[in-house]
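# Working through the structure, step by step
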Amino acid sequence: MISGKTVAFHTLGCKVNQYDTQAMRERFERAGCREVPFDGQADIYVVNTCTVTGTGDKKSMQIIRRCHRQNPDAAIVVTGCLAQRAADELTLPGVRLVLGTQRRGEVVELLGQALAQDCALIAVQTLRRAPFEHLTVHAHEGHARATMKIQEGCDRWCSYCIIPAVRGPIRSRPIDEIMEEAQSLVDAGFREAVLTGIHLTSYGRDLRDGSTLLDAVRAVHEVQGIDRIRLGSLEPVIVTPEFAQGIAAMPKVCHQFHLALQSGSDTVLERMRRRYTSGEFLTACALLRETFDDCALTTDVMTGFPGETREEFEQTMDTCTRAGFARMHVFPYSEREGTRAAEMEGSVPRPVREERARELIALGHRLEAQALAARVGQTEDVLIEEIDGEGRGTGYTGGYMRAHVSGAQPGEIVHVRVTGTEGGELIGERCG
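Keep in mind the model is a prediction, meaning the values are calculated, not measured. (Residues numbered from 1 in each chain as written. Predicted model: local features only at pLDDT ≥ 70, side-chain atom pairs only at ≥ 80, totals over all residues. Heavy atoms only, no water.)

Turning to the overall build of the chain, a few remarks are in order. The secondary structure content of the chain amounts to twelve helices and 18 strands. For 432 residues, the compact-globule estimate of 2.2 N^0.38 gives 22 Å, and the chain sits close to it at 22 Å. Viewed in the frame of its principal axes, the chain has a C-alpha envelope of about 60 × 55 × 50 Å. Across the 432 residues that make up the chain, the buried fraction comes to 55%. Considering only contacts in the chain between residues 6 or more positions apart, those separated by 24 or more positions represent 72%. If you sum the accessible surface of the chain, you get close to 18400 Å²; carbon and sulfur atoms cover 48% of it. Where the 50 positive side-chain charges of the chain centre and where its 60 negative ones centre are 3 Å apart. (Helix = DSSP H or I, 4+ residues; strand = E, 2+ residues; numbered from the N terminus. Rg over C-alpha atoms; globule rule 2.2 N^0.38 Å. Buried < 20%, exposed > 50% of the residue type's maximum accessible area, 1.4 Å probe, protein only. Contact = heavy atoms within 4.5 Å. Areas by Shrake-Rupley, 256 points an atom, 1.4 Å probe, with all protein chains shown as cover. Lys, Arg positive; Asp, Glu negative; His and termini not counted. Charge placed at Lys NZ, Arg CZ, Asp CG, Glu CD.)

As structure tokens, then:
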């Protein structure tokens, strides 16, 4: 019933969602389906949703309706975080299967069941005792950098965040499975592995063998053919001398660290139920910079959290300036029903949230320009991923800065002497 059909995919949200989509893509391919572009007609559409913000909800619903307009006869599969949170709201015209954040490995079989029964099947399960879903991925878009999901779930329950409710408890992928997937990626030609998870810092807490995130990184580091390892988003509390020294002992690990700040005000951090102060965050940044001369720090920051005063916002601006981020992802606070923050007093007007976000984005651009300028004259290793419009090889440095260089091909890691910046990216010449 599925074989021979065309299928198109659309993913909203984080790298974990991108990984989950790729795992489903491979299952449809094995079932005999042929992928087609999402902006045209397909027999099957798969929409992997996000519910981190209200914008994510809105975009997810718009995409589902768009699928039905493109082909009213298509079978639509809706999965991901919004599906886990609000499955009953997603049985829109054309939707035949609603999955949450489990059972993605059964997507083909479940869709076949829904089509055979000519119904809209909701296959969303409780996450209370959910195991780690053993999805595997053997290919990714491009042929250089691949994402590996090694952790699922979160139990931090920050006051603004709905993710623990839609992703479930901490689950970690066993070390032997991590090594197996790393080897399969090498066999497929990939050279960089990006280790990701919903709360990567918690990796191993559920395992009974004492494994930690450092152990998982070491396992990938041992795989011959993986030349670079990049870590996904981390909490600043993981940055201890032991962690920094452990990373320093593994030369394949990129010295770019994404530390989630959220706010640079101690009083806001307390209301958010984050587990660090701005001072502790800056100490973590300093430790990484002391350990790695070429360290690049990136972050997420929220504006307009309930009760945020102008003074508290200025404290966030100051903390970001002192941290010297190479890149910042800034977004205004969005109420999530079911979270503590949604019931807090002192709601900040949306125009104020958005204006503060614009101020912080402007600061981020200034800091990014400084970080790029500091690389001029330096030699960087660049993993080439594609050829740009001018025929130059284009890829990312270890610090996750996009760079262009002539005379390089996708899949190569080349030594590049940075000669300047161009449109927020590096340009250079091949050397060595």
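Turning our eyes to something else, we now look at the nonpolar core. Of all hydrophobic cores here, the largest spans 64 residues; its most connected members are Ile150, Leu195, Leu213, Leu234, Ile247, Phe257 and Leu360. Residue contributions to this core peak at six residues, all from helix H10 (residues 278–291). Excluding anything up to four places from it in sequence, Ile150 contacts Phe132, Ser172, Arg173, Ile178, Leu195, Thr196, Leu200, Tyr203, Leu213 and Ala216. With 23 residues, the next largest nonpolar core counts Tyr45, Met61, Cys67 and Leu92 among its residues. (Core = buried A, V, L, I, M, F, W, Y, C linked by side-chain atoms within 4.5 Å.)

Pairing in this open sheet of six strands is parallel, and the strands run S2-S1-S3-S4-S5-S6 from one edge to the other. In this open sheet, the two edge strands, each paired with only one partner strand, are strand S2 (34–35) and strand S6 (121–123). With five bridges joining them, strand S1 (residues 6–11) and strand S3 (residues 44–49) adopt parallel strand pairing. Opposite Ala8, over in S3, you have Tyr45 as the bridge partner. Contacting S1, S3, strand S4 (75–80) and strand S5 (95–99), helix H2 (residues 54–70) crosses the sheet at an angle of about 175° to S3. Running over the sheet, helix H4 (residues 107–117) touches S3, S4, S5 and S6 and is turned about 140° from S5. (Pairing = 2+ DSSP bridges. Axes fitted to C-alpha atoms, helices over the stretch in contact; angles between N-to-C directions.)

The next subject is the packing of H10 against helix H11 (residues 310–323). Contact geometry of H10 with H11 gives a least axis separation of 10 Å together with a crossing angle of 10°. Looking at the two axes, H10 sits roughly parallel to H11. Together, Ser278, Leu282, Cys285 and Arg289 of H10 and Thr319, Arg322 and Ala323 of H11 make up the contact between the two elements. In terms of residue class, the contact of H10 with H11 is made up of three nonpolar, two polar and two charged. (Parallel < 35°, antiparallel > 145°, perpendicular 65-115°, else oblique. Nonpolar A, V, L, I, M, F, W, Y, C, P; charged D, E, K, R; others polar.)

A few words now on the sheet that holds strand S12 (residues 296–303). Two strands in a sheet stick together by hydrogen bonds in their backbones, pointing the same way (parallel) or opposite ways (antiparallel). Spatial ordering of the open sheet is given by S11-S12-S13, a layout of three strands whose pairing is parallel. Strand pairing shows two members of the sheet lacking a second neighbour, strand S11 (256–258) and strand S13 (327–332), which therefore form its edges. Averaged over all adjacent pairs, the angle separating strand axes in this sheet is 15°, with direction ignored. Summarising the sheet, S12 and S13 pair through six bridges and their orientation is parallel.

Bringing the side chain of Ser278 into the picture now. Structurally, Ser278 can be placed in helix H10. Under the relative-accessibility criterion, Ser278 is labelled buried at 14%. Each residue touching Ser278, except ones within four places of it in the same chain, is listed here: Gly264, Asp266, Leu269 and Thr319.

All right, on to the pattern of salt bridges then. Enumeration according to the criterion identifies 38 salt bridges in this entry. In this structure, Arg353 and Glu335 form a salt bridge, with 2.6 Å as the shortest nitrogen-oxygen distance. With Arg353 in helix H12 (residues 350–373) and Glu335 in the loop between S13 and H12, this residue pair connects regions lying 18 residues apart in the sequence. By relative accessible area, which is 3% here, Arg353 ends up buried. For Glu425, the salt bridge is made with Arg402, and the minimal N-O distance between the two is 3.3 Å. One end of the pair, Glu425, is in strand S18 (residues 425–430); the other, Arg402, is in strand S16 (residues 402–405), with 23 residues separating them in the sequence. By relative accessible area, Arg402 is classed as partly exposed at 21%. (Salt bridge = Lys/Arg side-chain N within 4 Å of Asp/Glu carboxyl O.)

So, about the side chain of His258. Secondary-structure assignment places His258 in strand S11. A polar contact is formed between the side chain of His258 and the side chain of Thr298, at a distance of 2.8 Å. Separated by 3.0 Å, the side chains of His258 and Asp300 make a polar contact. What His258 contacts, discounting residues up to four positions off in sequence, is Gly232, Ser233, Leu234, Thr298, Thr299 and Asp300. (Polar contact = N/O pair within 3.5 Å; in protein donor to acceptor, adjacent residues only side chain to side chain.)

Taken residue by residue, helix H8 (residues 241–248) has Phe243, Ala244, Gly246 and Ile247 as its buried positions. Along the axis of H8, the buried residues cluster in a sector spanning 160°; they form a single face. Opposite its buried face, H8 presents the exposed residues Glu242 and Gln245, each directed more than 90 degrees away. Residues of H8 that are buried in the fold lie against helix H7 (213–221), strand S10 (228–231), S11 and H10. (Arc of directions from axis to C-beta.)

Our next topic: the pairing of strand S9 (residues 192–197). For S9, a buried count of six out of six residues is recorded, marking the element as mostly surrounded by other parts of the structure. What you see with S9 is no split at all: Glu192, Val194 and Thr196 on one side and Ala193, Leu195 and Gly197 on the other are buried throughout. In the sheet, strand S7 (residues 145–152) pairs with S9 via six bridges, with the strands oriented parallel. Counterpart to Gln151 in the pairing with S9 is Gly197. Of the strand pairs in this sheet, S9 and S10 are connected by four bridges, and their pairing is parallel. Looking at S10, one finds that Ala193 is bridged to Ile229.

A word on the pairing of strand S14 (residues 379–387). Pairing between S14 and strand S17 (residues 413–422): five bridges, direction antiparallel. The residue bridging Glu380 from the neighbouring strand is Val416, located in S17. For S14 and strand S15 (residues 393–397), the ladder comprises five bridges, and the chain directions are antiparallel. Directly across from Glu386, in S15, lies its bridge partner Thr394. Count of turn residues in the S14/S15 antiparallel hairpin: five residues, of which Gly391 carries a positive phi of about 80°.

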